[in-house]
Amino acid sequence: MQPDRSYYTPTGGLPGQSHLLTGRAVFTDAYAVIPKGVMTDIVTSALPHWRATRAWILARPLSGFAETFSQAIIEVGPGGGSEMPEPDPGAEAALFVVSGTLDLDCAGTGSRLEAGGFAYIPPGLAWRIAAVGDTAAVFHWIRKRYEPVEGLGVPDPIVTSDRACTPVAMPDSDGRWATTRFIDPEDMRHDMHVNIVTFAPGAVIPFAETHVMEHGLYVLEGKGVYRLNQDWVEVEAGDFMWLRAFCPQACYAGGPGPFRYLLYKDVNRHPRLAP
């Protein structure tokens, strides 16, 4: 069992008229950075069939950029939720709770998710979700159109938590770089992984990763300096990084505490040769 963790949660609001316009947001051909200060009230979206809910949509498929997934931060107020959350029957979902409490029902099986809770919901499975208690519940919702493979079934639902999963140390890192895997990396039924990556202060990704997987990286805790394509970008808890396939990437963890982020990547499938 892992120690209790803190997870950055956006609060919305709106800067005053006296604030400078200069910020850290950037969108390039290879990557985007959406800093926490961008997540104000006026950029939220309402979603059909959701009650007392607003969403900060961080990523969606874009032609010529990242095309496999969408990611949003969902804030569900007291009494809020949905009996019809997913409009696409071919979509799978990963949920990660950063604050509050949610009741999740997947095909008649109920689970309670608190901060650090994770759920994987396969495509075609009916589910519903509701906030519990007197405060809002906030979670990340990652969606991907599932890619079936002949001879492999659809994955089973997963409900677990950050605390329940043991981080796996990366090779030759002395445990200073570790990955918490919510999904079994050997299970070929899965076409996406959602992990938490943890760096001790001063730890690094020691080379510029350049690969076919697209990424969404949301900083849950701490700060670091991230190499994105040709740029070094300083990021902190609450910032989101969105990486196109083959964007070179590396990082230094800044301290004084751990640097942790929620990571999406597409896996285990041949590259599509046509749309």
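Residues numbered from 1 in each chain as written. Predicted model: local features only at pLDDT ≥ 70, side-chain atom pairs only at ≥ 80, totals over all residues. Heavy atoms only, no water.

## A closer look at the nonpolar core
Note on soluble globular proteins: their nonpolar side chains tend to be buried together. With 32 residues, the main nonpolar core has Phe96, Phe118, Tyr218, Leu220 and Trp242 as its most contacted residues. Not counting residues within four places of it along the chain, the set of residues in contact with leucine 220 comprises Ser6, Tyr7, Tyr8, Phe96, Val98, Ile196, Ala237, Arg260, Tyr261 and Leu262. By size, the runner-up hydrophobic cluster in this structure holds 24 residues, among which are Trp177, Val235, Ala253 and Leu263. (Core = buried A, V, L, I, M, F, W, Y, C linked by side-chain atoms within 4.5 Å. Buried < 20%, exposed > 50% of the residue type's maximum accessible area, 1.4 Å probe, protein only. Contact = heavy atoms within 4.5 Å.)

## Quick notes on the sheet that holds strand β17 (residues 223-228)
Whether parallel or antiparallel, the strands of a sheet pair through hydrogen bonds between backbone atoms. Here four strands make up an open sheet; going across it, the order is β15-β20-β17-β18 and the pairing antiparallel. With partners counted over all chains shown, the strands left at the sheet margins are β15 (204-209) and β18 (231-236), one partner each. Neighbour to neighbour, the strand axes of the sheet diverge by 20° on average, direction disregarded. (Pairing = 2+ DSSP bridges. Helix = DSSP H or I, 4+ residues; strand = E, 2+ residues; numbered from the N terminus. Axes fitted to C-alpha atoms, helices over the stretch in contact; angles between N-to-C directions.)

## Comments concerning the pattern of salt bridges
When charged atoms on two side chains of opposite charge get close, those side chains can pair. Tallying each qualifying case throughout the model produces 15 salt bridges. Between aspartate 191 and lysine 144 there is a salt bridge, with the nearest N and O atoms lying 2.9 Å from each other. Taken as a pair, aspartate 191 in the loop between β13 (177-181) and β14 (192-199) and lysine 144 in strand β10 (residues 137-145) lie far apart in primary sequence, 47 residues in all. What makes aspartate 191 buried here is its relative accessible area of 0%. Accessibility expressed as a relative area gives 3% for lysine 144, which makes it buried. (Salt bridge = Lys/Arg side-chain N within 4 Å of Asp/Glu carboxyl O.)

## Looking at a nonpolar patch on the surface
Together, Leu14, Ile42 and Val43 make up a nonpolar patch on the protein surface, roughly 310 Å² of accessible area in all. Mapping leucine 14 onto the fold places it in the segment before β1 (26-27). (Patch = residues over 30% accessible without salt bridge, like charges linked within 9 Å, V, L, I, M, F, W, Y side chains within 5 Å. Areas by Shrake-Rupley, 256 points an atom, 1.4 Å probe, with all protein chains shown as cover.)

## Brief notes about the side chain of aspartate 191
Here the side chain of aspartate 191 touches lysine 144 through a polar contact of 2.9 Å, side chain to side chain. With residues near it in sequence (within four places) discarded, aspartate 191 still touches Glu92, Lys144, Arg145, Tyr146, Glu147, Asp266, Val267 and Arg269. (Polar contact = N/O pair within 3.5 Å; in protein donor to acceptor, adjacent residues only side chain to side chain.)

## Focus on the side chain of threonine 198
Along the chain, the position of threonine 198 falls in strand β14. Classification of threonine 198 by relative accessible area gives buried; the value is 12%. Setting aside residues no more than four positions away along its own chain, threonine 198 makes contact with Arg5, Arg176, Trp177, Ala178, Pro258, Phe259 and Arg260.

## Observations regarding the pairing of β17
Residues Gly224, Tyr226 and Leu228 line the buried face of β17, whereas the alternating positions Lys223, Val225 and Arg227 sit on a face that is not buried. The pairing of β17 with β18 spans six bridges and is classified as antiparallel. From the neighbouring strand, leucine 228 faces β18, where its bridge partner is aspartate 231. Counted between consecutive antiparallel strands, the loop separating β17 from β18 contains two residues, among which asparagine 229 sits at a positive phi close to 55°. One ladder, built from five bridges, connects β17 with strand β20 (residues 249-253); its direction is antiparallel.

## Brief notes about the layout of surface pockets
Here the largest pocket is characterised by a volume of approximately 510 Å³. In terms of lining, the largest pocket is formed by 22 residues, of which the most central are Pro15, Leu20, Gly37, Val38 and Thr40. Approximately 440 Å³ is the volume found for the second largest pocket. Taken together, 22 residues form the lining of the second largest pocket, with Thr68, Val212, Asp266, Pro271 and Arg272 sitting closest to its centre. (1 Å grid on protein atoms, 1.4 Å probe; cavity = no way out; pocket = protein on both sides within 12 Å on 5 of 7 lines; lining within 4 Å. Points joined across faces, edges and corners; volume = space filled by probe spheres on them.)

## Here's the deal with the environment of valine 138
Note that valine 138 resides in strand β10. Residues valine 138 and proline 275, spaced 137 residues apart in sequence, show a C-alpha to C-alpha distance of 34 Å. Valine 138 has contacts with Thr9, Pro10, Ile73, Ile74, Glu75, Phe96, Val97, Val98 and Ser99, leaving out every residue within four places of it along the chain.

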